[in-house]
Amino acid sequence: MIQKRWIWLIGIALLFLSFAQPIASTYADAKTYDEVVLRGNAEALDWSSNNNPLTYNAEEGVWLSGPIPLEGGKVTEFKFFYDGNWMPGANLTFTAPQDAEYIFAFHPENERKVDIRLADTYEASVELELTVPEGTPEWVTPTVASSKNDFHYTAAPMTKTSENTYTTKIVGQAGEEVSYFYSLAGESYKEELSEPRTVTLSTSGDTKEDTVTQWKKVPVAQSVTHDYNHTPYVPDHRDDVTVKVEVQHFGPIDKGAIYYTTDGTTPNGKRGEAANGQTVPLKVTDTSENADGLKTSIMEGVIPSQKKETRVKYKLDVWNSNSDGTQFADNNVLSSKDATEFAYYVDTYESPEWAKDAVIYQVFVDRFRDGSTENNTSVNPEQPYDEQLKGWMGGDLQGVLEKIDYIENLGVNTLWISPIYEGPYSHGYHPTDFMNIDPRFGSNQLMKELVDEAHKRDMKVVYDLVPNHTSDQHDFFQDALEKGPDSPYYDWYTFTNYPNEYDTFYGIQELPELNNDNPETRAYMLDEVVPFWMNEIGVDGFRLDYAKGPSQSFWVDFRHKVKSLDDDAFIFGEVWDNLDTISSYKGKLDGAIDFETHSAITNAFIQNGSVNTLASSLEETFGTYGDEFVAATFLDSHDMPRFLFEADGNEETLKNAAALQFTLPGAPIIYYGDEVGLSQSGDHNLVDEWKDRYYREMMIWEEKQNGNILSHYKTLINARNDQPALTQGDFNIIYSNDDVLVFERSVPQDKVLVVMNLGEEDRKLDIIDLYNQHTPNKVQLTSLLEKEKLKSHKGTLEMTSEAGSVAIYDVKGKLRYQAPSEEKKYNKVVLRGSAPFDWSSDANMLTFDEKEALWKSEPIELTAGETVEYKFVRDGEWLEGENLRFTPEADGKYIFIFDPQNEYQVTVEQVQAKNEAA
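Calculation notes
Residues numbered from 1 in each chain as written. Predicted model: local features only at pLDDT ≥ 70, side-chain atom pairs only at ≥ 80, totals over all residues. Heavy atoms only, no water. pLDDT = per-residue confidence, 0-100. Contact = heavy atoms within 4.5 Å. Phe/Tyr/Trp six-rings, centres within 6.5 Å; stacked < 30°, edge-to-face > 60°. Helix = DSSP H or I, 4+ residues; strand = E, 2+ residues; numbered from the N terminus. Buried < 20%, exposed > 50% of the residue type's maximum accessible area, 1.4 Å probe, protein only. Polar contact = N/O pair within 3.5 Å; in protein donor to acceptor, adjacent residues only side chain to side chain. Patch = residues over 30% accessible without salt bridge, like charges linked within 9 Å, V, L, I, M, F, W, Y side chains within 5 Å. Areas by Shrake-Rupley, 256 points an atom, 1.4 Å probe, with all protein chains shown as cover. Salt bridge = Lys/Arg side-chain N within 4 Å of Asp/Glu carboxyl O. Lys, Arg positive; Asp, Glu negative; His and termini not counted. Charge placed at Lys NZ, Arg CZ, Asp CG, Glu CD. Expected span 1.5 Å × (residues − 1). Axes fitted to C-alpha atoms, helices over the stretch in contact; angles between N-to-C directions. Parallel < 35°, antiparallel > 145°, perpendicular 65-115°, else oblique. Nonpolar A, V, L, I, M, F, W, Y, C, P; charged D, E, K, R; others polar.

Caption draft 1: Region of interest: the confidence of the model for the chain. Mean pLDDT over the chain stands at 93; residues scoring 70 or higher make up 96%. Counting interchain partners and residues more than four positions distant, the pLDDT-below-50 stretch residues 914–918 has four contacts.

What follows is the structure, encoded as structure tokens:
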């Protein structure tokens, strides 16, 4: 007897927001994870340790951190790290409304929800109760800009308690005096007061009643947002550029304008009249309204095409033609002078060919080699090694020169030199002089010699430029600090409350940020610093430290300047962010440090994540970057733990990860010492300060080097240099599951096949079957790592992919991917569901039955009366709609069948009954 159940899903009632996690949560503990950790950039947080674990609160169904001190008005970037894996997506952000301690809440069912609560750890408080004047728009929430948040005008929204009344609590120490202003969510909309209000905090928690009589201005709209939404994003000389703006508003908005320049100057204008540049109108193309009456209008305008090498800069404002107000995107100010300046570069966007072929060796100068003891003025060998690592270790340019033959013999063709400016620290990222090399590293002349020696060996040199900030010991900043507004350098920085409060890199007082939108600052960086390094020193490009800091307008000017000096120069940025943000620098930079791929590799190799997830990430990442945006891939760097240390010293894990890295698109970076097994002498998780000391230990030489790893790296470099497919080839994933990844890199005359198995068992694969290739072409695979050769036989090309391996093959013969047949329809179908299945792995893969044209699972043991919920995943895509269900009437083994021609039909066969019938 054959038991079958047929269910026809006539309509799809629900479409899921994320097919990666269907209704499986119904069957899981709401806790979801075993361990959740908070990581971030606040002073009390860090990005690499588990020092801030969360505790599960069963009553709320959320994970809660301990109290975390945050600075008011400062943006905290953070992420949750759970069960050894990073939460996917971009960093979350939170701007603390005041100096205080906060509890971070993690919601397992809504992981990206920002829920940060004021901790009950304060000594004193005061309740502010505000009455706003008549005419205050109901859609605007008043805010409190105070000495507790550096007078940040949007960080501290109040809570509405009645028609014209709002409240908020300010906390701190008993007797602490707080000064403050009220505003309508922006400094332009602050109350009409010349001096701030004051209040004293008390343990009795008093209430202070305030009344605002008049606002300086009232907002026109709730928000005006452009966020570089222009098409095409990377225009050439033939393209008109369509600019889109989203306006959220309650009152009428019917007009808008774009003010743009093409000569490098700053555009200026208001209400359709340009004071500098030209004007094109923004017109409303669509308006929608929600239940609260908030309207969202889309406005569009077109900037006409421009000639090559044109810097287009523009600003945007919107208004109501029957009123006086106007509002600019994206910072929502009222004047063109203070408005966000947008920019794009018109050109045929091409990156240097040598950069696409580059293998980059990153030298961290102080830790590479001590070539001269005469400049070891700050080295203290009497200290314990752990303490020495916090300071200067003696590495210098002479040491790099002495080992340039070693670097050349590796086969690398590009040298990345870490910052060697004059400055207080050995890492060089605190410049006190942008055009003088610190004597502890050597001299300007020695750097020129190094560049010349590299060039003799056909090696390029890129230098680590730091355009975002200076040391607080820099003469420019010291002059601004001493003279205030009378200093010519005062506007080179952004003082929020002179002299003690100013914009800094990640809140570090020692690193005041340069105001690169100030014309004099920008001119200095582009007309003096950049030409010095390119013309006098002779470098071939720049790695750009913290490229997120300067504006996109700065990078448009930067590209224009660098390419005018050397159109073959390579400029790539450190954009430590999500894929969308990194790729937003296309058209301005030639490439970026590829943090997305680093996270994907780390998750797969270190955290034992799914190879399927790795495959999806790689496909999305390189598809987004495109051909000209060079992804600089890496395994570790001076800012993160050594890969080998994180891999518990397993050199096979390092070798496999390197093999994958060197076969991916982009330019692979070797962080000094990776190639010889340099790890860490200490655990960064066990110290609270100077964690990065262990990421930057001294290079190991001669007898301490791991020759096995070194030989492997040389083989990888040679393979990359010899195979055009590995530098210029298309990237196509052929197959993946939880353990196995098969992909190819190909150009017309060269193809490389990569087969990776991170599982614990060997896997037998038929490569020709994976390619769906039915023609009997002869194919030969020659290993680029071993001596192995494989040949096709009678239309099959079988291989065994060993557990924990990455194999790289040169392909000879016709191996071409073909779409599956109409009967088969898919390359891979997976069954996922509730127990005995799971919702996240490929453990239950189906096999295609050629005779019946059906996909079938292996026999699955089920229990009578216990309903199974499940879904099929086809080539990585979930079957849309509700979960399918099956309830067996008898204990036994069942085969789940997927019909590619009738995908919503449920067919389950009981194996034992089938055998009995036979």
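Caption draft 2: Representation of the packing of aromatic side chains in the model. In total, this model carries 68 aromatic pairs according to the counting rule given. Considering the side-chain rings of Tyr82 and Phe106, the 5.7 Å spacing of their centres and the 40° angle between planes classify their relative orientation as tilted. Of this pair, Tyr82 sits in strand β5 (residues 75–82) while Phe106 sits in strand β8 (residues 100–106); the two residues are 24 residues apart in sequence, bridging distant segments of the chain. In this pair, the class of Tyr82 matches that of Phe106, namely buried. Geometrically, the ring pair formed by Trp392 and Phe441 is tilted, given 5.2 Å between the ring centres and 45° between the ring planes.

Caption draft 3: Expanded view of the side chain of Ser297. Counting through the fold element by element, Ser297 comes out in strand β24 (residues 295–303). Judged by its relative accessible area of 1%, Ser297 is buried. One polar contact links Ser297 to Thr287, side chain to side chain, over a distance of 2.9 Å.

Caption draft 4: Fine view of a negative patch on the surface. Judged by side-chain charge, Asp739, Glu760, Glu761, Asp762, Glu786, Glu788 and Glu802 come together as a negatively charged surface patch. Along the chain, the position of Glu760 falls in the loop between β42 (750–757) and β43 (763–766).

Caption draft 5: Representation of helix α14 (residues 707–722) in the model. Compared with the 22 Å implied by 1.5 Å per residue over 16 residues, the 22 Å span of α14 between its first and last C-alpha is a close match. Of all the positions in α14, only Ile709, Leu710, His712, Tyr713, Leu716, Ile717, Ala719 and Arg720 are classed as buried. Turning to α14, the residues buried within the fold contact α1 (353–356), α4 (404–410), α13 (651–663), β39 (667–671), α15 (724–728) and β47 (805–813). Capping the start of α14 is the job of one residue whose side-chain oxygen sits 3.0 Å from the backbone nitrogen of Asn708: Asn706.

Caption draft 6: Summary view of the packing of helix α10 (residues 595–605) against helix α11 (residues 611–625). Relative orientation of the contacting elements α10 and α11 amounts to 170°, with a least axis distance of 9 Å. Judged by the inter-axis angle, α10 sits roughly antiparallel to α11. In this structure, α10 uses Glu596, Thr597, Ala600, Ile601, Asn603 and Ala604 to contact α11, whose residues at the interface are Thr613, Leu614, Ser617, Leu618, Thr621, Phe622 and Tyr625. By residue class, the composition of the contact of α10 with α11 is seven nonpolar, five polar and one charged.

Caption draft 7: Fine view of the side chain of Asn516. Tracing the chain through its elements places Asn516 in the loop between β34 (501–502) and α7 (519–537). On the basis of relative accessible area, Asn516 is assigned to the buried category, the value being 4%. Once residues within four sequence positions are removed from consideration, Asn516 is found in contact with Pro467, Asn468, Thr521, Arg522, Met525, Pro550 and Phe554.

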